[in-house]
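Architecture at a glance
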Amino acid sequence: RREGLRRYTRPLVFFLEYLAYSLSDCVFFISQSELTEAVRIFRLDRKRCFFVPHIARSNPKASQPKTRHPDFLTIIFFGDFSYLPNLHGLENLLWHITPLLSQTARFDCHLNIFGKCIPKRLTTIPSPPKITLNFMGYVEDPLQIIQAADVMVNPVSTGAGVQTKIIEAVSLGT
């Protein structure tokens, strides 16, 4: 059944891709090899095709397997907490998300929170069961902390712009 469906969808996808390329004034690719293949396969005018490298550079360490701690899960959240969306995200994490995680998790977690301007009033919140809260403050070089984490959370629900902390964490393999 699946093979029969693929037989019809592949030509349709090819046609739609060809149509999109043909109707475009220019086409941007984030991979040089995809640009080369598209020019060859779809006979595109090379003058209308542009290579634009992706914003996140690959990191050789990100491709290395992590050595995960067998006893707990490491979660991180970081940012400049003088920025209100980050502060509200931290409050949401501490007051709403960690209690839920504490009630439902079948494992222990270390929640490492770091960045500028963490309010003192939040650092005195007791850790809920199964969760160890680590308020690290400002960290000069956070790359190792980000890379060592199992999970990065970003409970920020307001604000605008590109969430570069997500791009950083993904580029480091978190």
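Residues numbered from 1 in each chain as written. Predicted model: local features only at pLDDT ≥ 70, side-chain atom pairs only at ≥ 80, totals over all residues. Heavy atoms only, no water.

Some thoughts on the overall build of the protein
Note the following rule: Where helices and strands are cited, they refer to DSSP runs of H or I of at least four residues and of E of at least two residues respectively, numbered from the N terminus. Under the scheme applied here, a residue whose accessible area is under 20% of the maximum for its type counts as buried, over 50% as exposed, and between as partly exposed, the area being computed with a 1.4 Å probe on protein chains only. The contact criterion used is simple: two residues touch if any of their non-hydrogen atoms lie within 4.5 Å. Only the protein chains shown count as cover for residues, with accessible areas throughout obtained via the Shrake-Rupley method and a probe of 1.4 Å.
Scanning the protein from N- to C-terminus turns up 6 helices and 6 strands. Along the protein, from the amino end to the carboxyl end, the secondary structure elements read α-β-α-β-β-α-β-α-β-α-β-α. In the protein, buried positions account for 31% of the 174 residues. In the protein, 62% of the contacts between residues at least 6 apart in sequence involve partners at least 24 apart. Entry remark: accessible area of the protein is about 11900 Å², with carbon and sulfur atoms responsible for 59%.

A word on the side chain of S31
Just so we agree on the cut-off: For the purposes of these results, a polar contact is taken to be a pair of N or O atoms within 3.5 Å, where, inside protein, one atom must be able to donate a hydrogen and its partner to accept one; residues adjacent in sequence count only when each atom of the pair is a side-chain atom.
Structurally, the position occupied by S31 is in the loop between β1 (27-29) and α2 (32-42). A distance of 2.9 Å separates the side chain of S31 from the side chain of S33, its partner in a polar contact.

Brief notes about unusual backbone geometry
The residue R43 is not glycine, and still its phi comes out positive at about 50°. Structurally, the position occupied by R43 is in the loop between α2 and β2 (49-51). A relative accessible area of 75% places R43 in the exposed class. Positive phi values are uncommon outside glycine, yet K130 reaches one of about 75°. As for its position among the elements, K130 is in the loop between α4 (120-123) and β5 (131-137).

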